[in-house]
Amino acid sequence: MSTMLITSHPAPVREAIGRHRDALDADPVAYLEENGTRLTEASRAAAASYLGMHPAHVALTDSTTMGVGLIYTGLKVGPGQEVLTTDEDYYVTHESLRHLTDATGATERRISLFDDISEATDGGIVQRIVDAIRPETRLLALTWVHSSTGLKIPVGSIAVALQEINAGRDEQDHVLFGLDAVHGFGVETDSFFDLGVDFLMAGCHKWLFGPRGTGIAAISERGLGAVRPIVPTFDDARVFSRWYAGEDYALSNNGRTLTPGGFKDFEHRWALAEAFALHEEIGRARVAERTHTLAGDLKDALAGIRGVSVVTPRQPGLSAGIVCFDVEGLEPEEVVSRLRSRSVVASVAPYPSAHVRLTPSIRNSEAEIEAAARAVRSII
Ligand SMILES: Cc1ncc(COP(=O)(O)O)c(C=O)c1O
């Protein structure tokens, strides 16, 4: 139950990787030349369709971390402007914002979205953010589902509140909304426009069960104009043809120009379309419902064990697939190691205040949920 870390490839993804790998090994240059653009664009189109947006707004990355790093570090900000994030955000967001502020002279500020997670509410979270926005705030950088506690934040409502704030500002002063979406992506049904963000970064190698080493950054029209590319692209043929011809090859940003270039582990990138197809075939609403049901059942079972306190909220609106809990008198690492010896794969949240995490997905059965809860009971 650690889909939230890294997936094992489901059969259609594994088979597609194998097909592309064999063909590349047989004749790498010809296979790349004859199929590369088509297959890369098929993966981009599948990601765009899944998010309900145009492929020209989707960059392909290797991970959430790469997307967050590229977008935040590339943001066009300067002295006198600030980026706002939270204490609950992950190292990757904090570190990327540090790179940004070091490079640009903009400042970073952090707030907390709640005092006590057991009292967190949608309305309370939105209010804290609205209260914290200042005239100089240019970016709000949040995480959809916190990997520290499993809390899911009300992204759509936050976007609506930002729209109201932005309505009173000139476009160059709009507060842009960036989201580390990795633990909602592949679980929830929201489209890019439902979420209302400017930048959505996610790895595809967790809840989506995509090829390891794949990810996306989806970018709004406004967002495309607000970032500088960091890594040269190989995905927009116009760049090369103009560069060869000695012409000006600076292009306005799009999903291709913001896709970091270099030769890739193509067999993985090209098998991404199969992961989206698998989710569409199963049905996104069914994936969401099943993940929430299994996580809810696990929370209920854990809550019934003496000495266990469940940290993740029970309400589906405030949680997704991550289930965090503490065991009285045991360090999280010790709980994980005892569970591992009983064949239950849990993990410790890599945060200053660490909890134990189990993350059931559609690959788990009810019997496994019960077995995991039994294993927790048995180690206390
Ligand atoms: C919130 C969050 N963002 C990013 C990551 C890293 O994701 P990736 O491996 O796709 O870079 C993790 C954990 O793995 C995470 O919990």
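See the structure printed just above.
Parameters and conventions
Residues numbered from 1 in each chain as written. Predicted model: local features only at pLDDT ≥ 70, side-chain atom pairs only at ≥ 80, totals over all residues. Heavy atoms only, no water. Helix = DSSP H or I, 4+ residues; strand = E, 2+ residues; numbered from the N terminus. Rg over C-alpha atoms; globule rule 2.2 N^0.38 Å. Buried < 20%, exposed > 50% of the residue type's maximum accessible area, 1.4 Å probe, protein only. Contact = heavy atoms within 4.5 Å. Lys, Arg positive; Asp, Glu negative; His and termini not counted. Charge placed at Lys NZ, Arg CZ, Asp CG, Glu CD. Near = heavy atom within 4 Å. Polar contact = N/O pair within 3.5 Å; in protein donor to acceptor, adjacent residues only side chain to side chain. Areas by Shrake-Rupley, 256 points an atom, 1.4 Å probe, with all protein chains shown as cover. Pairing = 2+ DSSP bridges. Right-handed = clockwise from strand over helix to strand, strands pointing away.

*Asks:* Please give an account of the overall build of the protein that cites residues and values.
*Replies:* Counting secondary structure elements, the protein contains 14 helices and eleven strands. Computed over C-alpha atoms, the radius of gyration of the protein comes to 21 Å, within 12% of the 21 Å expected from 2.2 N^0.38 for 380 residues, which places it in the range of a compact globule. Looking at the protein residue by residue over its 380 residues, the buried ones come to 57%. Taking as baseline every contact in the protein between residues at least 6 positions apart, the subset at least 24 positions apart corresponds to 72%. Of the charged side chains in the protein, 36 are positive and 51 negative, and the gap between their average positions amounts to 3 Å.

*Asks:* Break down the site of the ligand for me, citing the residues and quoting the values.
*Replies:* As a matter of local geometry, the ligand sits amid Ser63, Thr64, Thr65, Tyr90, Thr143, Ser147, Asp180, Val182, His183, Gly203, His205 and Lys206. Contact between the ligand and serine 147: an oxygen atom at 2.6 Å from a side-chain N or O atom of the residue. When the free accessible area of the ligand is taken as 390 Å², the share hidden by the protein chains comes to 88%.

*Asks:* Go over the pairing of strand 5 (residues 176-180), please, and point to the residues and values.
*Replies:* Taken across its five residues, strand 5 has five buried, putting it largely inside the fold. The alternating pattern of strand 5 places Leu176, Gly178 and Asp180 and Phe177 and Leu179 on opposite faces, both of which are buried. Taken together, the five bridges between strand 4 (residues 137-143) and strand 5 define a ladder with parallel strand orientation. When the sheet's bridge partners are listed, leucine 140 is paired in strand 5 with phenylalanine 177. Each parallel crossover has a hand, and for strand 4 linked through helix 6 (residues 155-167) to strand 5 it is right-handed. Relative to strand 6 (residues 199-203), strand 5 runs parallel, the two sharing three bridges. Bridge assignment links glycine 178 to a residue of strand 6, and that residue is phenylalanine 199.

Purely spatial values, then, with no claim about function.
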